[in-house]
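The primary structure of each chain is shown beneath.
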Amino acid sequence: MKVIDVRNVYLKYPSSKEATIKGISFDVKQGEIFGFLGPSGAGKSTLQKILTGTLRNYRGSVRVFETEVKHRTSNYYENIGVDFEFPNFYGKFTA
Ligand SMILES: Nc1ncnc2c1ncn2[C@@H]1O[C@H](COP(=O)(O)OP(=O)(O)OP(=O)(O)O)[C@@H](O)[C@H]1O
Ligand SMILES: [Mg+2]
């Protein structure tokens, strides 16, 4: 089962001349560990903002648990977890 299915996605920031994401496609299956790499400015954080439903003005299709992310509702966040670049450790918790 594809948990994340990204097809031919483009995203242009309103203030940019060119698209930042240009026709990316990939899928992530249930249980798969998937990484994407790229130099600074390649668009990794932009793509994460699309996947988390923050940037919705993309072209193409981004489906997470079979939901088109631009049409997400608030319960989308009942099913995903994100650790976005900052450490998320709770110092008072023990292992
Ligand atoms: N809000 C914004 N408005 C206009 N352009 C933006 C905006 N946010 C990012 N960009 C531009 O989009 C491009 C991709 O940026 P992004 O932050 O997605 O890259 P990144 O791959 O996450 O980089 P890094 O490895 O430095 O975290 C860059 O050229 C950046 O300047
Ligand atoms: Mg980044």
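Refer to the structure presented above.
Every value quoted in this text rests on a predicted model; they were computed, and no experiment measured them.

With respect to the pattern of salt bridges
Here comes step 1: For the structure shown, the criterion picks out five salt bridges.
Here comes step 2: Of the charged contacts, one joins D27 and K2 as a salt bridge, the two residues approaching to 3.9 Å between their closest N and O atoms. Here K2 lies in strand β1 (residues 2-11) and D27 lies in strand β2 (residues 21-29), a separation of 25 residues in the sequence.
Here comes step 3: Through salt bridges with shared partners, a single network forms among K2, D5, R7, D27 and K29.

A closer look at the site of ligand 1
Here comes step 1: Around ligand 1, the structure places Y13, S15, S16, T20, P39, S40, G41, A42, G43, K44, S45 and T46.
Here comes step 2: For ligand 1, a nitrogen atom lies 3.5 Å from a polar atom in the side chain of Y13.
Here comes step 3: For ligand 1, an oxygen atom lies 2.6 Å from a polar atom in the side chain of T46.
Here comes step 4: Relative to its unbound accessible area of 640 Å², ligand 1 is 57% covered by the protein chains.
Here comes step 5: Grouping the amino acids of the shell around ligand 1 by side-chain chemistry returns three nonpolar, eight polar and one charged.

A short note on unusual backbone geometry
For residues that are not glycine, phi is negative in most cases, and the peptide bond is trans in most cases.
Here comes step 1: Even without being a glycine, N8 presents a positive backbone phi close to 50°.
Here comes step 2: Tracing the sequence through the fold places N8 in strand β1.
Here comes step 3: Under the relative-accessibility criterion, N8 is labelled partly exposed at 44%.
Here comes step 4: Despite not being glycine, E66 shows a phi value in the positive range, around 65°.

What about the pairing of strand β3 (residues 59-64)?
Here comes step 1: Pairing of β1 with β3, which is carried by five bridges, proceeds in the antiparallel orientation. Each residue of the ladder has a partner; that of R7, found in β3, is S61.
Here comes step 2: With two bridges connecting them, β3 and strand β4 (residues 67-68) associate as antiparallel partners. Of the residues in β4, the one forming a bridge with V64 is T67.
Here comes step 3: Following β3, the chain reverses through two residues before pairing antiparallel with β4; F65 in that reversal takes a positive phi of roughly 50°.

Cut-offs applied
- Residues numbered from 1 in each chain as written.
- Chains lettered and ligands numbered in written order.
- Predicted model: local features only at pLDDT ≥ 70, side-chain atom pairs only at ≥ 80, totals over all residues.
- Heavy atoms only, no water.
- Salt bridge = Lys/Arg side-chain N within 4 Å of Asp/Glu carboxyl O.
- Helix = DSSP H or I, 4+ residues; strand = E, 2+ residues; numbered from the N terminus.
- Near = heavy atom within 4 Å.
- Polar contact = N/O pair within 3.5 Å; in protein donor to acceptor, adjacent residues only side chain to side chain.
- Areas by Shrake-Rupley, 256 points an atom, 1.4 Å probe, with all protein chains shown as cover.
- Nonpolar A, V, L, I, M, F, W, Y, C, P; charged D, E, K, R; others polar.
- Buried < 20%, exposed > 50% of the residue type's maximum accessible area, 1.4 Å probe, protein only.
- Pairing = 2+ DSSP bridges.

Everything listed is a geometric property; what it means functionally is a separate question.
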